[in-house]
Amino acid sequence: MEVRYSIHPEHAKGFDTERLRNEFLVTDLFRADVIRLVYSHNDRIIVGGLHPVKGRLTLGASKELGTEYFFERREGGVVNIGGPGVVTIDGTAYEIAKNEAVYIGKGAREVSFMSKEGTSPAKFYFLSAPAHKEYPSRRITLTDARKLELGSDENSNARTIYQLIHPDVLETCQLCMGVTILKPHNVWNTMPTHTHERRMEVYFYYELPADQVVFHLMGQPHETRHIVMRNEEAVLSPSWSIHSGVGTSNYAFIWGMIGENQTYTDMDTVPMEVLR
């Protein structure tokens, strides 16, 4: 498990491209039959990728957590972006197709991941947050999700949002996750942009062709920076940072939030004239 520490916004102002990428960008998430985890001290979120090709992958305890088992004091969320997969939680198997999710409640002792078809292996994108209460684990399909249509073709940001792990769908301690899919010929996400001091966020970009990129915008509204991102990469967004992006083609992304509240619309909007 890789560990990353929190960065003060005054320090981030002076980072060059390499330092920004080292601190905030998460790459190489899907290695065959490997569990890749990054522990961030931004609200102690864990970002991960699990790509079971030949067999089963099991999440276990580690020194970084200081617990007997992974979910002893944590909850988690998984979205599958690959072929059909199975998440097994304490003996109960949840089959999930592409863009479907599984919520893993605090107290789950044995959690494993596998693909249903070796020729089309699953890719499980994973987030985990500290938890104080046990809520039931469950599968969430796109039909279960709360669906929102936002943006317009005129502003190049027409998109569909599926709130998968969200208070309107199920109860969690603090974790929220969802999928946003941009419509063809639309490239902007989350613009006009915002911050929210009450929670941090992670964006994971996918469905991006190999020869295309997303320019992810970050930083304080008056001190913006960007990170060039490619397919299946994630970026950490501290509470003080904007999180927005524009691609050279349309794409999809998974957003995940943890912090003081779960109110999706609780954000500090940034007027366009303030951005610098």
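Refer to the preceding data block for the structure.
## Quick word on the overall build of the protein chain
In terms of helices and strands, the protein chain carries two helices and 24 strands. Computed over C-alpha atoms, the radius of gyration of the protein chain comes to 18 Å, within 12% of the 19 Å expected from 2.2 N^0.38 for 276 residues, which places it in the range of a compact globule. The C-alpha extent of the protein chain, read off along each of the three principal axes, is 55 × 40 × 35 Å. Counting across all 276 residues of the protein chain, residues that qualify as buried make up 56%. Accessible surface, the protein chain as shown: approximately 12,000 Å² in total, 46% of it carbon and sulfur. Of the charged side chains in the protein chain, 29 are positive and 35 negative; the average position of the first set lies 2 Å away from that of the second.

## Describing the nonpolar core
If you look at the biggest cluster of nonpolar residues, it comprises 58 residues, and the most contacted ones within it are F24, Y125, F204 and I254. Among residues more than four places away in sequence, those in contact with I254 are V79, I81, Y125, M177, G178, V179, V202, Y203, F204 and Y206. Counting 22 residues, the second-largest nonpolar core is a separate cluster that includes Y39, L59, F70 and I104.

## Considering the pairing of strand 19 (residues 214–220)
Along strand 19, five of the seven residues are buried, which leaves the element largely enclosed by surrounding structure. The antiparallel hairpin formed by strand 19 and strand 20 (residues 223–229) contains two residues in its connecting segment.

## What about empty space enclosed by the protein?
In this approach a probe as big as a water molecule rolls over the atoms, and the regions it shows empty are the leftover space. On inspection of all chains with the given rule, the structure shows two cavities of 30 Å³ or more. Taken as a whole, the largest cavity spans an internal volume of roughly 50 Å³. In terms of lining residues, the largest cavity is bounded by P9, A12, K13, L20, M218, G219, Q220, E223, R225 and W240. Elements with a contribution of two residues or more to the lining of the largest cavity: helix 1 (9–12), strand 19 and strand 20. With three residues, the single largest contributor to the lining of the largest cavity is strand 19. Classifying every residue of the lining of the largest cavity gives five nonpolar, two polar and three charged. Here the second largest cavity defines a volume of roughly 30 Å³. As for the second largest cavity, its lining consists of R4, Y5, I7, E23, F24, S40, N42 and L236. Grouping the constituent residues of the lining of the second largest cavity by class yields four nonpolar, two polar and two charged.

Criteria and cut-off values
Residues numbered from 1 in each chain as written. Predicted model: local features only at pLDDT ≥ 70, side-chain atom pairs only at ≥ 80, totals over all residues. Heavy atoms only, no water. Helix = DSSP H or I, 4+ residues; strand = E, 2+ residues; numbered from the N terminus. Rg over C-alpha atoms; globule rule 2.2 N^0.38 Å. Buried < 20%, exposed > 50% of the residue type's maximum accessible area, 1.4 Å probe, protein only. Areas by Shrake-Rupley, 256 points an atom, 1.4 Å probe, with all protein chains shown as cover. Lys, Arg positive; Asp, Glu negative; His and termini not counted. Charge placed at Lys NZ, Arg CZ, Asp CG, Glu CD. Core = buried A, V, L, I, M, F, W, Y, C linked by side-chain atoms within 4.5 Å. Contact = heavy atoms within 4.5 Å. Pairing = 2+ DSSP bridges. 1 Å grid on protein atoms, 1.4 Å probe; cavity = no way out; pocket = protein on both sides within 12 Å on 5 of 7 lines; lining within 4 Å. Points joined across faces, edges and corners; volume = space filled by probe spheres on them. Nonpolar A, V, L, I, M, F, W, Y, C, P; charged D, E, K, R; others polar.

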